[in-house]
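Observations on chain architecture
Single-letter residue listing:
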Amino acid sequence: MELYLGVDVGSVTTKLVLMDKKKKIWASCYLKTSGDPVLALKEGLTYIEDHLPRGGEIVGVGTTGSARHLAGVVVGADIVKNEITAHAVAAITRVPEVRTVFEIGGQDSKLILIREGVVEDFAMNTICAAGTGSFLEHQAVRLNVPIEEFGKLALQAEQSVRIAGRCTVFAESDMIHKQQLGFAKPEIIKGLCESLVRNFMNNLATGKTIEDPIVFQGGVAANQGIVQAFRDFFQGKKKIVVPPEHGVMGAWGAAILAMEYAPQETAFQGFEVVNRVFENRSFTCGDCPNGCEVVFLKEEGVIKALWGSRCGKWTPETVGQKFAESKLEEKTDQRELSVS
Ligand code: SF4
């Protein structure tokens, strides 16, 4: 059986999906990136290998996410695509009539407008943590509530409490204030869910026409409190669909894109990749005001891939040469490098 592997490596979570030609998912995993995308990828590949159906063969690989280039080199990708495309493709596959996608992940959130099956417009929030899953997880720890219970508790609230959601600092101090005023945990959690939704809508949806059906995806879509807060925001007038694959939609989209790309021969490196040793390094180029963060991946001392240089000045050859000449490698720890 011919199978396609989709990989979505974000700064907080790493997702892998194994899919057949009918786009049926045979295996998927959702892992914490924990600051080490290569390790997360290796764990994911081990899981996928363990769940490979008998006679299954990977004939195409797609990668997406903020570390898509790195993932593409490590796994061997036939196609590397941005998250907007990957998420939109998966949403259209699940709900062909979709008009809007809300995606809230660990570290960022996205709004995608789809018209006639094509991405018409999108917005991404990569700056404000108050509209992301990390914010909720942080507040769950503060309230001593397991994040899995967060949504359920929010639904138990008899009233909601307004929590300032403009940024994490305001939200946290406001939440403490409301606790001191004696509001119950479910009420505060409901207020937090509503503040995240307000933040999402203010940051991403201002000036945009939100049409339904809306597909809500990303790890945060598992939180019933947030789903309900979106429903309340639209006063129940918009249809919101949470697909069963909500947590791995980016990876699923990457697998679909790999299938559509139909490589003659896949670049997949095989599951033996888990035994190879990679080193991921970065430095900030200070040679012009762009200050690009240049990231490179080494395997046994050899630079295998490099990205982030907007002008193309840095290539594996030039970085390797400069490093060899002036021991610049030591400076990467200071994340600062200027070469004349
Ligand atoms: S890589 Fe090029 S564009 Fe980026 S900071 Fe250096 S000189 Fe400027």
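Chains are numbered independently. Their residues run from 1 in the order of the written sequence. Since the coordinates come from a predicted model, pLDDT governs what is reported: local features require at least 70, and pairs of side-chain atoms require 80 or more to be given and counted, while whole-chain, interface and lining totals use all residues. Calculated side-chain values reflect all of the structure's heavy atoms, with hydrogen atoms and water omitted.

Attention now moves to the pattern of salt bridges. Only one rule defines a salt bridge in this text: a Lys or Arg side-chain nitrogen within 4 Å of an Asp or Glu carboxyl oxygen. Under the counting rule described, the total for this entry stands at 19 salt bridges. Two residues, E137 and K32, come together in a salt bridge whose shortest N-O distance is 3.1 Å. Linking E137 in helix α4 (residues 133–143) with K32 in strand β3 (residues 25–32), this pair joins segments that are 105 residues apart in sequence. Residues E116 and R99 are paired through a salt bridge, measuring 3.9 Å at the closest nitrogen-oxygen approach. Of the two residues, E116 sits in the loop between β7 (109–115) and β8 (118–125) while R99 sits in the loop between α3 (83–94) and β6 (100–104), which places them 17 residues apart along the sequence. Residue E116 is classed as exposed on the basis of its relative accessible area, which comes to 70%. The network of salt bridges with shared partners includes R99, R115, E116 and E211. Starting at the N terminus, helices and strands are each numbered in turn, a helix being any DSSP run of H or I of at least four residues and a strand any DSSP run of E of at least two. Throughout this description, buried means an accessible area under 20% of the type-specific maximum (1.4 Å probe, protein chains only), exposed means over 50%, and partly exposed covers the range between.

As a matter of local geometry, the ligand sits amid C285, D287, C288, N290, G291, C292, S309, C311, K313 and W314. Gly is put with the polar residues, along with every residue not named as nonpolar or charged; the nonpolar set is Ala, Val, Leu, Ile, Met, Phe, Trp, Tyr, Cys and Pro, and the charged set is Asp, Glu, Lys and Arg. For the shell around the ligand, the class distribution of residues is five nonpolar, three polar and two charged. Nearness of a residue to a molecule or strand requires only that one of the residue's heavy atoms be within 4 Å of it.

Attention shifts here to α4. Among all positions in α4, only G133, F135, L136, Q139, A140 and L143 are buried. Viewed along the axis of α4, the buried residues span an arc of 155°, placing them on a single side of the element. The positive-phi residue at the C-terminal boundary of α4 is N144, with phi of around 60°. In this description, the arc belongs to the directions extending from the helix axis to the C-beta atoms.

Turning our eyes to something else, we now look at the side chain of T100. Here T100 shows up in strand β6. Residues adjacent in sequence count toward polar contacts only when both atoms are side-chain atoms; beyond that, a polar contact is any pair of N or O atoms within 3.5 Å, and within protein one must be able to donate a hydrogen and the other to accept it. Here E211 takes part through its backbone oxygen, which lies 2.7 Å from a polar atom of the side chain of T100. When neighbours within four sequence positions are excluded, T100 is seen to be in contact with L111, I112, L113, R115, I210, E211, P213, I214 and V215. We call two residues in contact whenever any of their non-hydrogen atoms come within 4.5 Å of each other.

Moving on to unusual backbone geometry. Across the junction of D212 and P213, the peptide omega takes the value 5°, indicating a cis bond. Here P213 lies in the loop between α7 (185–205) and β9 (214–217). With a phi close to 60°, N144 is a non-glycine residue in the positive phi region. Summarising the element assignment, N144 is placed in the loop between α4 and α5 (147–156). In this structure, A262 takes a positive phi of about 50° despite not being glycine. Within the secondary structure layout, A262 lies in the loop between α9 (249–261) and β11 (278–284). Given the relative accessible area of 47%, A262 is considered partly exposed.

Time to look at the domain arrangement of the protein chain. Those domain boundaries reflect an automatic or database domain assignment. What the domain assignment lists for the protein chain is domain 1 (2–87 + 250–275), domain 2 (96–242) and domain 3 (278–334). For domain 1 versus domain 2, the distance between C-alpha centres works out to 28 Å. Contacts between domain 1 and domain 2 engage seven residues on the former and 13 residues on the latter. In short, buried area is how much 1.4 Å probe accessible area vanishes from two parts on joining, totalled over both. Between domain 1 and domain 2, roughly 810 Å² of surface is buried when both sides are summed, and carbon and sulfur atoms account for 63% of that area. The largest share of the area that domain 1 buries against domain 2 comes from V12, I84 and H87, three residues that together contribute 68% of it. Inspection of the region where domain 1 meets domain 2 yields one salt bridge.

Our focus in this paragraph is the sheet that holds strand β12 (residues 293–299). The pairing criterion for strands is at least two bridges between them, as found by DSSP. Taken in spatial order, the three strands make up an open sheet running β11-β12-β13, and their pairing is antiparallel. Edge positions in the sheet fall to β11 and β13 (302–307), since each of these pairs with one other strand and no more. Adjacent strand axes in the sheet meet at a mean angle of 25°, parallel and antiparallel pairs treated alike. Across seven bridges, β11 lies against β12 in antiparallel orientation. Each residue of the ladder has a partner; that of S282, found in β12, is V295. Along the sheet, helix α2 (residues 68–76) makes contact with β11, β12 and β13, crossing β13 at roughly 145°. Every angle, taken between N-to-C directions, lies between 0 and 180 degrees, and every axis is a line fitted to C-alpha atoms, over only the stretch in contact when it is a helix.

What follows covers the sheet that holds β6. Strand order across the open sheet formed by five strands is β8-β7-β6-β9-β10, with mixed pairing between neighbours. Unpaired on one side and paired on the other, β8 and β10 (240–241) mark the two borders of the sheet. Two elements, β9 and β10, share two bridges in a ladder whose sense is parallel. Looking across to β10, one finds that I214 is bridged to I240. Contacts between helix α8 (residues 224–233) and the sheet are confined to β6, β9 and β10, with β9 contributing the most and set at about 155° to the helix.

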